[in-house]
Amino acid sequence: GLQIRQKVLGENHVDTARSYFNLANYYGELGNKEEALNCDQKALQIRLNLLGEYHKDTAESYYNLGVRYSALGNYEEALNYNQMAVQIGRKLFGDKHSKTAFYLKNMAIKYRKLGKAEEAKKCNQEVE
């Protein structure tokens, strides 16, 4: 899928970004953390170039990068990406939307991993 999209549509196309995103999830399921991270980084760059910062697909990419960095044990970096997803979710969907809540719950997990219980609690309270 990715090679065909690259050949037909080019590297800088939303469908190519979706292929990278899907491939990252596949690599993640296989436990190939570095390749998953690489694909998610490519997806994010394409989405930022074409869709801009405040788009639901860009938020998905930020979220996924948070997942990738968590899998690598880099919770600070994971938190940074998760915060971007929350920021975009709030702007696009509002504070009470299920997608924003999903991002907040995941941000709480990152805070807990970093030993920041108070910040995790605040995230969880926003969701309730």
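Criteria and thresholds
- Residues numbered from 1 in each chain as written.
- Predicted model: local features only at pLDDT ≥ 70, side-chain atom pairs only at ≥ 80, totals over all residues.
- Heavy atoms only, no water.
- Patch = residues over 30% accessible without salt bridge, like charges linked within 9 Å, V, L, I, M, F, W, Y side chains within 5 Å.
- Areas by Shrake-Rupley, 256 points an atom, 1.4 Å probe, with all protein chains shown as cover.
- Salt bridge = Lys/Arg side-chain N within 4 Å of Asp/Glu carboxyl O.
- Helix = DSSP H or I, 4+ residues; strand = E, 2+ residues; numbered from the N terminus.
- Buried < 20%, exposed > 50% of the residue type's maximum accessible area, 1.4 Å probe, protein only.
- Phe/Tyr/Trp six-rings, centres within 6.5 Å; stacked < 30°, edge-to-face > 60°.
- Lys NZ or Arg CZ within 6 Å of the ring centre and 35° of its normal.
- Expected span 1.5 Å × (residues − 1).

Structural notes on a nonpolar patch on the surface
Part 1 of the argument: Taken together, the side chains of Tyr-54, Leu-92 and Phe-93 present a nonpolar region at the surface, about 230 Å² in accessible area.
Part 2 of the argument: Relative to the helices and strands, Leu-92 resides in helix 5 (residues 75-93).
Part 3 of the argument: The class of Leu-92 is partly exposed, set by a relative accessible area of 35%.

Brief notes about the pattern of salt bridges
Part 1 of the argument: Counted according to the given criterion, the structure contains 8 salt bridges.
Part 2 of the argument: Here Arg-18 ties to Asp-57 by a salt bridge, and the two come within 3.7 Å at their closest N and O atoms. Of this pair, Arg-18 sits in helix 2 (residues 14-30) while Asp-57 sits in helix 4 (residues 56-71), and the two are 39 residues apart along the sequence.
Part 3 of the argument: Overall, the relative accessible area of 13% leaves Asp-57 in the buried class.
Part 4 of the argument: Bridged by salt links that share partners, the residues Arg-18, Arg-47, Lys-56, Asp-57 and Glu-60 form one connected network.

Quick look at the packing of aromatic side chains
Part 1 of the argument: Within the structure shown, the criterion is met by 6 aromatic pairs.
Part 2 of the argument: Summarising the aromatic geometry, the rings of Tyr-26 and Tyr-27 are spaced 6.0 Å apart at their centres and angled 55° between planes, so their arrangement reads as tilted.
Part 3 of the argument: On the basis of relative accessibility, which here comes to 45%, the residue Tyr-26 falls in the partly exposed class.
Part 4 of the argument: The rings of Tyr-62, Tyr-69 and Tyr-81 are connected pair by pair, giving a single aromatic cluster.
Part 5 of the argument: Residue placement shows Arg-47 over the ring face of Phe-21; its charged tip is 4.7 Å from the ring centre.
Part 6 of the argument: For Lys-91, the ring lying beneath its charged end belongs to Tyr-54, and the centroid distance is 4.8 Å.

Examining helix 2
Part 1 of the argument: Here helix 2 spans 24 Å end to end across 17 residues, near enough to the 24 Å set by a 1.5 Å rise per residue.
Part 2 of the argument: Where helix 2 is concerned, the buried positions are Thr-16, Ala-17, Ser-19, Tyr-20, Phe-21 and Ala-24.
Part 3 of the argument: Positive phi shows up at Gly-31, right after helix 2, with a value of about 85°.

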